[in-house]
Every structure is written in C-alpha cells, then in structure tokens.
Amino acid sequence: MAEYTRLTSASPDDDEMQTKSQPTVTDEISPRYVLLFSVLMALMAISAAAAFHMNVLSATWKEPQALLRPKDIEDTFRMAQPSPNLDQGHATMRKMKFKFPRMVFPMFIVRANAAAPDTVYQSGPSVVLSQSDSMIYHWRTNSSWPKCYLAGWVSASKDLIAGHKSYTSEGDMTAIEMWNLSTPANPQVLKTMSWNTRPQRLSLLGTVNFTSRETQARLGYLDAQEIKAPTPRVDCLGDTEITVEVVCKGCRLEFEQVFSMPPLGFELMQLA
Ligand SMILES: *[C@@H]1O[C@H](CO)[C@@H](O)[C@H](O)[C@H]1NC(C)=O
Ligand SMILES: *[C@@H]1O[C@H](CO)[C@@H](O)[C@H](O)[C@H]1NC(C)=O
Ligand SMILES: *[C@@H]1O[C@H](CO)[C@@H](O)[C@H](O)[C@H]1NC(C)=O
C-alpha cells in the first residue's frame, strides 16, 4: 500500500513503506495559491479556445469558394516510393564502378523433338516448345555474383512491337519447367544433338512464368518471385556453365530468341 509522505521527511531511516520510490506529495501548498492557479488555468483555456475559433474563422474567410479539383488534391499527395534508396544506391554503384547484375544470353539454344528423336536441329534462335518438343539451353558466365536464377522474360507488348519481336503461345505459360542437365565435358557437342543424344535430366530446378514482365510487375504478390522457391536458382560465382532442358507440359510456345533489345526468351539472371 502506498503512503503519502512529506518530501522533507523522506529519509533512509524511515519506515520501509516510506522510501523515495513511493509516490509522494506535499501538502504545503496553501489553498490561496491553488485558487489562483485554477483561475489562471481557466483564463488560459478560454483564450486558447478563442484563438482557435478566430483561426478557423479567418481560414474560411481567407480561402473562400474555389473547391479543389481532384487533380489538385492528387498533386498534393506525396508519392510513395517503393524503394526510396534504390536510385541513390544505383548512383553510388555507378560512382564506385561496382558491377551491376546482368542478364546473360544463352550460348546455345537447341531443339530436341521426341517425335523425331534422331533429328539434329542445330543451335539457333528458333524456340519451339510443345508436348513433344523441349529446348536445351546452355549458358556460360564468369559472374561476380554468387547466385543466378533462370527467368522467362517477356518485355512489355509495346516494346516487343517496336523491336519487331513476337511470340505465339497456347495453354498455360505460367509454369514452364527447367531441368538441370549434366554438362558434357565438351559443351560444343550440345550444338548438334538430337532427342536421343541429349544429356540426361538430373533434377527439376524449378519453373518460370513466361508472361509479360509488365503485368507481373503490377501484381504485388509476385514481387520478388525470383528469390522465392521454386525459382530455378544456381550457384554461379566465377566461371560457370549451366545446361538446362526447358519443358512445357500442356502448352505450346514459339518465338525467336535473338540478342537484341527488348529481351524475349529464357534468360540467366545474376542475383545481386
Ligand atoms: C573470371 O573473372 C575473374 C575476375 O574478373 C578473372 O580473374 C578470371 O580470369 C575470369 N575467368 C575466365 C575463365 O574468364
Ligand atoms: C546441375 O548439375 C550439375 C552437374 O552437371 C551440378 O554440378 C550442379 O550442382 C547442378 N545444379 C543444381 C542447381 O542442382
Ligand atoms: C504468372 O504471371 C501472371 C501475370 O503475368 C500471374 O497472373 C500469374 O499468377 C503468375 N503465375 C505464377 C505461377 O506465378
């Protein structure tokens, strides 16, 4: 139980309940001062209320009629920056001559057709994925970043049109499989292989979403999808070779993957 203690009488010799940490008040203020203080407070409250009222009146009086248009209101909003320090970070990286993560174009793109298992299609830009066709991709990179991921990269449609690029597709393009293959001792043999002579599938690395980056960027739940499972991710620090088989079950996709802007195709991305 708390006891009221006179400040002056609080001393270590006192009873346990009367230590300095106990709530203390002094009863030495005279009633006359209390009354004076109350009156002062009341006066202050009244003048504050009056000042506020005056302020409200003068504000409405100074800025009459003209209602703000929605556009004006919109212009006064602070724009939310998803990553406020991103531009600054990039500027610093440029200044310090840091290496930016890069998109790595494949070295070989080779078609393998189960329906024509001995046909050799040669490495080239034509990509055909179907129930019976898969594509063997081979990348080589000397990366200063420890991790890379594979992505289906579909630039915005207006950019594709401007760059004279297009693709045709049928079925579900959101889960195209990426299988890790054993890289042959001499990767050049990959340029001339058939369905029957292609390297063995080792493991499923993950799937990629071959839909417009523009659309993906608008969908919050896809933010940072590249660093979530089951993204096909690979270790890529230093000189690295990666061979994968791109497989699309129940879909059909055709396009030309050429090394020019805007990007369209399956790409190896360095992960910063
Ligand atoms: C990879 O890059 C490092 C550092 O930039 C360099 O020392 C090395 O020679 C490169 N390796 C190959 C195979 O190009
Ligand atoms: C893919 O297979 C190669 C063997 O060719 C292996 O060294 C590598 O670790 C595998 N990568 C992944 C991410 O499983
Ligand atoms: C792929 O991206 C599209 C938007 O382009 C989105 O609607 C869909 O949910 C994504 N699929 C997966 C499996 O993330």
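Thresholds, definitions, all that
Residues numbered from 1 in each chain as written. Chains lettered and ligands numbered in written order. Predicted model: local features only at pLDDT ≥ 70, side-chain atom pairs only at ≥ 80, totals over all residues. Heavy atoms only, no water. Salt bridge = Lys/Arg side-chain N within 4 Å of Asp/Glu carboxyl O. Helix = DSSP H or I, 4+ residues; strand = E, 2+ residues; numbered from the N terminus. Buried < 20%, exposed > 50% of the residue type's maximum accessible area, 1.4 Å probe, protein only. Pairing = 2+ DSSP bridges.

Looking at an unreviewed UniProt entry, one finds the protein named Ubiquitin 3 binding protein But2 C-terminal domain-containing protein and attributed to Mycena metata.

Moving on, we come to the pattern of salt bridges. As enumerated under the stated definition, the model contains eight salt bridges in all. Between Glu245 and Arg201 there is a salt bridge whose closest N-O contact spans 3.0 Å. Of the two residues, Glu245 is situated in strand β10 (residues 238-247) and Arg201 in strand β8 (residues 201-208); the sequence distance between them amounts to 44 residues. Glu245 sits in the buried class, given a relative accessible area of 0%. Among the ionic pairs, Glu254 bridges to Arg252, the shortest N-O distance being 2.6 Å. Note on Glu254: relative accessible area 32%, which makes it partly exposed. The exposure class assigned to Arg252 is partly exposed, which follows from its relative accessible area of 34%. Linked by salt bridges that have partners in common, Arg198, Arg201 and Glu245 make up one network.

Right, let's talk about the sheet that holds strand β12 (residues 264-271) for a bit. The strand order across the open sheet built from four strands is β1-β12-β5-β9, with neighbouring strands paired in antiparallel fashion. One side of each edge strand has no neighbouring strand; the edge strands of this open sheet are β1 (103-104) and β9 (233-235). Bridging between β1 and β12 involves two bridges; their strand directions are antiparallel. When the sheet's bridge partners are listed, Val104 is paired in β12 with Leu268.

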